[in-house]
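# Observations on the three-dimensional arrangement
In case you want the letters, here they are:
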Amino acid sequence: MDWIISLAHRRNESADASQRFEREAEELWNSLKTRIRECQASYERCYPPGNERVEYHERPSGELVFRRLAAPGQGQQENEVSGVTIRRKRRTIKADYSTDQPELLVTVGPSKDGPATLCHDALSITIDRACELILRPVLFDDLPSDDS
């Protein structure tokens, strides 16, 4: 009956690995949210609110909303210049833009030699690079894309 013990052990190892991966995916998501808040603060240091401002908040659903708003004219409301809604569903992070910018997908994948990692176009990327890919179309839509 050693085969039962052996297979039970393999099943438990597989379940442990899956739970570890899900924890790591959640940690990456939380790190991404933190970094997006830091990006907002950094952008506002470069461009203090005046003619425009940036807004970031998390909805009760867990979605993140990041918007660039133009200052209102006298007696008018702020107008959204551009924005992105960022959603996470298990191992996929999806950015939907309020402009004609195509959606962006970042996935959480296994790393060859360590914890889970963020991926875009089948390449491993850093959290900082993920933020750039997601926020550049909102914050710097006037600059040409450099697909580097």
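In this report, we go over the structure that sits alongside the text. (Residues numbered from 1 in each chain as written. Predicted model: local features only at pLDDT ≥ 70, side-chain atom pairs only at ≥ 80, totals over all residues. Heavy atoms only, no water.)

### Quick notes on the environment of Ile134
The test is simple: Think of it this way: any DSSP run of H or I at least four residues long counts as a helix, any run of E at least two long counts as a strand, and we number them from the N terminus. Throughout, a residue-residue contact means that at least one pair of heavy atoms, one from each residue, lies within 4.5 Å.
Mapped onto the secondary structure, Ile134 falls in helix H2 (residues 127-139). Taking the C-alpha atoms as reference points, Ile134 and Asp96, 38 residues apart in sequence, are found 9.1 Å from one another. In this structure, Ile134 is in contact with Leu32, Val84, Ile86, Ala95, Tyr97 and Leu104, ignoring residues within four places of it in sequence.

### Notes on the nonpolar core
Let me state the cut-off plainly: Throughout this description, the term nonpolar core refers to a set of buried Ala, Val, Leu, Ile, Met, Phe, Trp, Tyr and Cys residues connected via side-chain atoms within 4.5 Å. Each residue's exposure class comes from its accessible area (1.4 Å probe, protein chains only) as a fraction of the maximum for that residue type: buried when under 20%, exposed when over 50%, partly exposed otherwise.
Core analysis: the largest hydrophobic core is formed by 31 residues, its most contacted members being Leu32, Ile36, Phe66, Val84, Leu118 and Ile134. Elements represented by at least two residues in this core include exactly helix H1 (2-46), strand S1 (52-58), strand S2 (64-70), strand S3 (79-89), strand S4 (92-97), strand S5 (104-111), strand S6 (114-120) and H2.

### Side note on the environment of Thr117
Test applied: Pairs of N or O atoms within 3.5 Å make up the polar contacts considered here, provided that, within protein, one atom can donate a hydrogen while the other can accept it, and that residues adjacent in sequence are counted only when both atoms are side-chain atoms.
Within the secondary structure layout, Thr117 lies in strand S6. For Thr117 and Glu52, which are 65 residues apart along the polypeptide, the C-alpha to C-alpha distance reads 34 Å. Leave out the neighbours within four places in its chain, and Thr117 touches Leu28, Thr107, Val108, Gly109, Pro110, Ser111, Ser124 and Ile125. In this structure the side chain of Thr117 is engaged in a polar contact, spanning 2.8 Å, whose partner is the side chain of Ser124.

### Structural notes on the environment of Gln40
Assignment of secondary structure puts Gln40 in helix H1. Overall, Gln40 belongs to the buried group, its relative accessible area being 17%. Not counting residues up to four positions away in its chain, the partners in contact with Gln40 are Val54, Glu55, Tyr56 and Phe66.

### Overview of the layout of surface pockets
Heads up, the condition is: Cavities and pockets are defined on a 1 Å grid built over the protein atoms alone: a cavity is a set of grid points where a 1.4 Å probe fits but cannot escape, while a pocket is an open set with protein on both sides within 12 Å along at least five of seven lines, and lining residues are those with an atom within 4 Å of any such point. Grid points are joined across faces, edges and corners, and a volume is the space filled by probe spheres set on the points. Three residue categories are used. Nonpolar comprises Ala, Val, Leu, Ile, Met, Phe, Trp, Tyr, Cys and Pro, charged comprises Asp, Glu, Lys and Arg, and polar comprises the others, including Gly.
Volume-wise, the second largest pocket comes out at about 200 Å³. Surrounding the second largest pocket, Cys39, Ser42, Tyr43, Cys46, Asp128, Cys131, Glu132, Leu135, Arg136, Leu139 and Phe140 form its lining. The set of elements that each furnish at least two residues to the lining of the second largest pocket consists of H1 and H2. Here the element with the most residues in the lining of the second largest pocket is H2; it accounts for six residues. Classifying every residue of the lining of the second largest pocket gives seven nonpolar, one polar and three charged.

### Focus on the packing of aromatic side chains
Where we set the bar: In this analysis, rings of Phe, Tyr and Trp, with Trp reduced to its six-membered ring, are considered paired at centre separations within 6.5 Å, and the interplanar angle assigns stacked below 30 degrees, edge-to-face beyond 60, and tilted for intermediate values.
Tallied over the full model, the rule gives three aromatic pairs. A centroid spacing of 5.7 Å and a plane angle of 75° characterise the contact between Tyr43 and Phe140, whose relative ring orientation is edge-to-face. Of this pair, Tyr43 sits in helix H1 while Phe140 sits in the segment after H2; the two residues are 97 residues apart in sequence, bridging distant segments of the chain. Plain terms: the ring middles of Tyr56 and Phe66 are 6.4 Å apart, the flat faces sit at 55° to each other, and that makes the pair tilted. Separated by ten residues along the polypeptide, Tyr56 in strand S1 and Phe66 in strand S2 bring together distant segments of the chain. With a relative accessible area of 13%, Tyr56 lands in the buried category.

### Quick word on H2
Stated formally: To estimate the expected span of a helix, subtract one from its residue number and multiply by 1.5 Å. A residue's bend is the angle separating two fitted axes: one through the seven residues that end there, the other through the seven that start there.
Taking 1.5 Å per residue, 13 residues should reach 18 Å; H2 reaches 17 Å between its end C-alpha atoms and fits that length. The largest bend in H2 is about 30°, located at Leu133, with the proline Pro137 one to four residues further on. Listing the buried residues of H2 in full gives Ile127, Ala130, Cys131, Leu133, Ile134, Leu135, Pro137, Val138 and Leu139.

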